[in-house]
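Fold and contact review
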Amino acid sequence: MSTTHDANGTGHDGEILDAVLRFWRELLGVTDIQPDDDFFDLGGTSLRAVRFVLRVRREFGVDLAATALAKAGTARQCAEVIASLRAA
């Protein structure tokens, strides 16, 4: 499985990016989120980060560390980490 995303968010990994964007919209209450926007710049908090991690675990069956958002703060980077975890 490839862990790259095209600009349009298409393909299997694009579906992960789309899901991450949807999760962030729901958690943050922000409707206009782009793939390269940062979670914390959009108003993310540690509690919302934990909620995101739990949602990722439930939806994708992977254990994403809450600290991953500090290292991979954009939706695109989070999607890449999730794709990598799913491929492992």
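For the structure itself, consult the block above.
Residues numbered from 1 in each chain as written. Predicted model: local features only at pLDDT ≥ 70, side-chain atom pairs only at ≥ 80, totals over all residues. Heavy atoms only, no water.

A few words on the side chain of R55. Following the sequence through the fold, R55 ends up in helix α2 (residues 46–60). Assessed through its relative accessible area of 18%, R55 is described here as buried. Within the structure, the side chain of R55 is placed 2.6 Å from the side chain of E26, a separation counted as a polar contact. The residues touching R55, leaving out its near neighbours within four places in the chain, are R22, F23 and E26. (Helix = DSSP H or I, 4+ residues; strand = E, 2+ residues; numbered from the N terminus. Buried < 20%, exposed > 50% of the residue type's maximum accessible area, 1.4 Å probe, protein only. Polar contact = N/O pair within 3.5 Å; in protein donor to acceptor, adjacent residues only side chain to side chain. Contact = heavy atoms within 4.5 Å.)

Let us now look at the packing of aromatic side chains. Counted according to the given criterion, the structure contains six aromatic pairs. Taking 6.2 Å as the distance between ring centres and 55 degrees as the angle between the ring planes, the aromatic pair formed by F23 and F60 counts as tilted. Residue F23 is found in helix α1 (residues 11–28), and its partner F60 is found in helix α2; the two are separated by 37 residues along the sequence. A residue is classified by how much of its surface remains accessible, and F23, at 0% relative accessible area, is buried. Between F39 and F52 the ring centres are 6.4 Å apart and the planes differ by 35 degrees, which places this aromatic pair in the tilted class. With F39 in the loop between α1 and α2 and F52 in helix α2, this residue pair connects regions lying 13 residues apart in the sequence. Judged by relative accessible area, F52 falls into the buried class, the value being 0%. An aromatic cluster of at least three residues, connected via ring pairs, comprises F23, W24, F39, F40, F52 and F60. (Phe/Tyr/Trp six-rings, centres within 6.5 Å; stacked < 30°, edge-to-face > 60°.)

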